[in-house]
Amino acid sequence: MPGTIHLLPEDLTSRIAAGEVVERPASIVKELLENSLDAGATDVLVVLEGGGAVSIRVVDNGTGIDPGEAPLAFQRYATSKIDRFEDLWSVRSFGFRGEALPSIASVARVEMTTRTRPQPAGTRIVVQDGEILEVSEAGGAPGTTLFVSRIFEAVPVRKKFLRSEKTEQGACLDVVLRIALAHPRVRIRVTASGRDLLNLPATEDPAERNALVLGPDFAGECVALSGAAGGLSLTGFISRPERTRSSTRQMLFFVNGRYVRDALIHRAVMTACRRRIEARRYPSSLLFLDMAPAEVDVNVHPAKMEVRFRRPGEVFQHVHDAVERALSGYSPVISEGSSPSGGTFRPFPGTGRVEEALRRYMIRTEGGDTPDGGTRGIPPAGPSYRPSGSDRPAEYVPLVPEIPTGGEPGTAYEYIGQVAGTYLLFGTADGLMIVDQHAAHERILYERLRRRERDRPPESQQLLIPEVVALPRKELRFLVENASTLEETGVFLEPFGGDALVVKSLPAFLEAGDIRSFLLDLAEEVGGEAPSGKGISTLRDRMLVFMSCRGAVKARQDMSRQEALALLSALGDEPQAATCPHGRPVVVRFGAADLEKLFHRR
Ligand code: ADP
Ligand code: MG
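This text gives an overview of the structure that appears in the document. (Residues numbered from 1 in each chain as written. Chains lettered and ligands numbered in written order. Predicted model: local features only at pLDDT ≥ 70, side-chain atom pairs only at ≥ 80, totals over all residues. Heavy atoms only, no water.)

### Considering the pattern of salt bridges
- Considering all chains together, one arrives at 25 salt bridges under this definition.
- Across the pair Asp-541 and Arg-275 runs a salt bridge whose closest N-O atoms are separated by 2.5 Å. In this pair, Asp-541 sits in helix α15 (residues 539-551) while Arg-275 sits in the loop between α8 (263-273) and β14 (282-283), placing the two residues 266 residues apart along the sequence. One exposure class covers both Asp-541 and Arg-275, and it is buried. (Salt bridge = Lys/Arg side-chain N within 4 Å of Asp/Glu carboxyl O. Helix = DSSP H or I, 4+ residues; strand = E, 2+ residues; numbered from the N terminus. Buried < 20%, exposed > 50% of the residue type's maximum accessible area, 1.4 Å probe, protein only.)

### Some words on the sheet that holds strand β10 (residues 232-239)
- If you walk across this open sheet you meet the five strands as β9-β10-β15-β12-β13, and the pairing is mixed. Every other strand in the sheet has two partners, leaving β9 (222-229) and β13 (258-260) as the edge strands with one partner each. Averaged over all neighbouring strand pairs, the angle between strand axes comes to 20°, with direction disregarded.
- Bridge analysis of β9 against β10 gives eight bridges, and the strand direction is antiparallel. The partner of Gly-227 across the bridge, within β10, is Leu-234.
- Against the sheet, α8 makes contact with β10, β12 (251-255) and β15 (285-290), and its axis sits at roughly 130° relative to β12, the strand it touches most. (Pairing = 2+ DSSP bridges. Axes fitted to C-alpha atoms, helices over the stretch in contact; angles between N-to-C directions. Contact = heavy atoms within 4.5 Å.)

### Here we look at the pairing of strand β7 (residues 187-192)
- Note: strand β1 (residues 43-49) against β7, six bridges, orientation parallel. Bridging from a neighbouring strand, Leu-45 pairs with Arg-189 of β7.
- As judged from the five bridges shared by β7 and strand β8 (residues 195-200), these two strands associate in the antiparallel manner. Looking across to β8, one finds that Val-190 is bridged to Leu-198.

### Re the nonpolar core
- Among the nonpolar cores identified, the biggest contains 65 residues, and Leu-32, Ile-56, Phe-74, Val-148 and Leu-286 are the most heavily contacted of them.
- Residue contacts for Leu-286: discarding those within four places in its chain leaves Leu-181, Asn-210, Leu-214, Phe-218, Thr-235, Gly-236, Phe-237, Leu-252 and Phe-254.
- Counting 37 residues, the second largest nonpolar core, distinct from the first, contains Val-91, Leu-225, Ala-268 and Met-270. (Core = buried A, V, L, I, M, F, W, Y, C linked by side-chain atoms within 4.5 Å.)

### Considerations on the sheet that holds strand β2 (residues 55-60)
- Across the sheet, which stays open at both edges, the eight strands sit in the order β5-β4-β3-β6-β2-β1-β7-β8 with mixed pairing between neighbours. Among the strands making up the open sheet, the edge pair consists of β5 (131-138) and β8. If you compare each strand with its neighbour and ignore which way they point, the axes differ by 10° on average.
- Sheet topology places strand β4 (residues 122-128) next to β5; seven bridges connect them, and they run antiparallel. Looking at β5, one finds that Val-127 is bridged to Ile-132.

### Some thoughts on the site of ligand 1
- Around ligand 1, the structure places 21 residues, and the nearest of them are Asn-35, Thr-79, Ser-80, Lys-81 and Gly-98.
- Between a nitrogen atom of ligand 1 and a side-chain N or O atom of Thr-144, the distance comes to 3.3 Å.
- When isolated, ligand 1 has an accessible area of 530 Å², and the protein chains bury 92% of it.
- The biggest single contributor to the shell around ligand 1 is helix α3 (residues 100-107), with three residues.
- When its residues are assigned to classes, the shell around ligand 1 shows eight nonpolar, nine polar and four charged. (Near = heavy atom within 4 Å. Polar contact = N/O pair within 3.5 Å; in protein donor to acceptor, adjacent residues only side chain to side chain. Areas by Shrake-Rupley, 256 points an atom, 1.4 Å probe, with all protein chains shown as cover. Nonpolar A, V, L, I, M, F, W, Y, C, P; charged D, E, K, R; others polar.)

### Topic: the packing of helix α2 (residues 25-38) against helix α5 (residues 165-182)
- At a minimum axis distance of 8 Å, the contact between α2 and α5 shows a crossing angle of 25°. The orientation of α2 with respect to α5, classified from their angle, is roughly parallel. For the element pair α2 and α5, the recorded crossing hand is right-handed. Listed contacts from α5 to Pro-25, Ala-26, Val-29, Lys-30, Leu-33, Glu-34 and Leu-37 of α2 are Glu-168, Ala-171, Cys-172, Val-175, Val-176 and Ile-179.
- Classifying every residue of the contact of α2 with α5 gives 10 nonpolar, no polar and three charged. (Parallel < 35°, antiparallel > 145°, perpendicular 65-115°, else oblique. Left-handed = near helix turned anticlockwise from the far one by under 90°.)

Functional significance is not addressed by these values, which are geometric in nature.
Shown next as structure tokens:
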């Protein structure tokens with residue numbers, strides 16, 4: 001039954017508003033930490049009790065607040081960060097709404113001690129359930145300490161929604177870790193029950209911070225990316241294509257230092273990774289996007305976790321291109337200074353120091369029943385290679401001569417032989433390399449087709465006698481409708497009337513076997529629903545994948561020594577060759593360190 005319309009009392013409205021900002025203890029941690037950073041702190045300590053659900057203390061060495069202004073900080077819409085609406089377009093600070101402190105104080109007890117450097121004494125102020133209980137003079141070092149307790153006591157419903165201590169603590173740590181990634185110059189410590197959970201020293205070297213937050217293996221798994229254009233600048237890291245994850249948890253995006261969840265950036269990254277990673281796998285990615293504040297609206301989400309770009313198209317393109325460039329520059333075969341995981345990546349500057357830092361500082365990652373297993377931050381990936389056997393029908397005998405056969409390529413690889421009819425073994429300077437012959441050849445053909453597609457059609461082989469093939473209606477229609485796209489891959493065909501078409505030529509690297517079943521497969525695999533990521537895979541692209549798969553040497557097919565070496569040398573020329581077009585790994589390496597580990601020599 002509808003009641004009369006009436007204004008709600010203020011304590012109720014602020015509690016309702018608080019619900020948007022303060023969802024759980026982690027939201028309090030986020031707001032307080034951001035306030036400390038806005039105040040220019042270079043050292044912040046976070047103390048959690050009961051996973052942050054009992055109490056949260058944040059101590060900073062920032063500017064502090066003048067005694068006269070301290071009570072104002074707890075008033076709704078009281079902020080020192082903007083004056084006019086237009087200022088929203090130039091904010092560089094995290095806060096600007098003046099909402100956090102009053103919101104927190106409306107659902108908890110907040111005790112603040114604060115002192116500015118020039119003032120001889122500080123201020124202590126206690127606010128509970130929205131009411132100022134006490135304002136007094138207090139001593140203490142310059143900076144601000146916020147102690148938040150009795151969290152959600154006035155809002156039992158919220159309290160009931162809290163999860164286990166471990167989970168809440170994990171969420172708090174997540175918040176801190178994300179902020180920490182964007183602020184390497186700030187020392188950040190988190191303790192719980194008197195023990196260090198996290199201790200991140202201030203550093204000038206972002207790589208050192210990354211390694212402490214994301215794990216020491218992060219550097220070896222990733223390639224650096226960067227780019228600047230049209231007022232947008234991007235720096236960061238993306239994992240090598242064979243080092244992917246099953247969740248998007250490690251896709252971390254920052255816009256002007258602010259962690260955001262952003263579908264546009266996500267899509268740009270995934271699009272750039274297509275044909276390089278397997279379906280339903282995600283790259284680790286750490287992207288810092290910077291632009292003029294006027295280019296991005298940060299005032300579109302209560303917790304400011306989402307933003308809106310003024311020129312989304314450009315942001316998309318910029319991120320996409322930078323990721324693509326980074327992945328293109330990476331080749332799995334040519335390796336200098338072989339790391340245990342192999343691959344050529346530009347090592348982070350200061351990787352040695354990172355190890356040193358790890359020894360000196362602990363980052364204990366306990367607590368947290370997160371969906372993907374528990375370790376906080378980004379767990380280092382173990383090798384997660386799946387052997388890629390033949391999953392292709394074998395009607396078409398491929399033409400290996402597509403690979404230039406010749407003398408020994410000028411590499412330091414020694415061909416040992418083929419195992420299981422599928423894998424080529426090579427000795428490297430310090431270990432062993434295994435190449436999946438089908439996956440490797442498939443990637444090479446795919447890249448060549450793709451390059452050709454841009455300038456000229458691929459060499460095709462005219463059939464001596466054009467072949468007339470009768471096909472079911474659906475498949476026939478698909479092939480005829482897409483005849484021009486097919487031509488780009490070297491297949492020339494025309495309708496022949498009725499339920500038939502005539503095939504005039506096929507790509508040179510395919511040997512014509514049973515043309516009818518080839519066309520049926522083509523129509524079915526390429527024309528059928530794309531299994532996943534439909535939006536990011538074009539018809540032409542699916543065709544190229546199909547062709548390269550058909551053209552590639554099969555698993556369980558003998559390869560001569562020359563062929564094996566030629567394949568390897570061709571692979572070395574393909575920067576994308578870490579994975580096949582289906583995203584499966586092409587090359588697995590065992591460096592000296594891996595072998596030593598396997599034989600328990602260390
Ligand atoms: P906002 O951050 O949006 O301005 P808050 O409610 O979070 O709003 O904080 C209100 C004001 O209190 C801030 O504008 C700032 O002036 C002051 N303040 C809050 N926390 C701190 C801190 N740790 N150090 C210095 N000033 C602070
Ligand atoms: Mg704030």
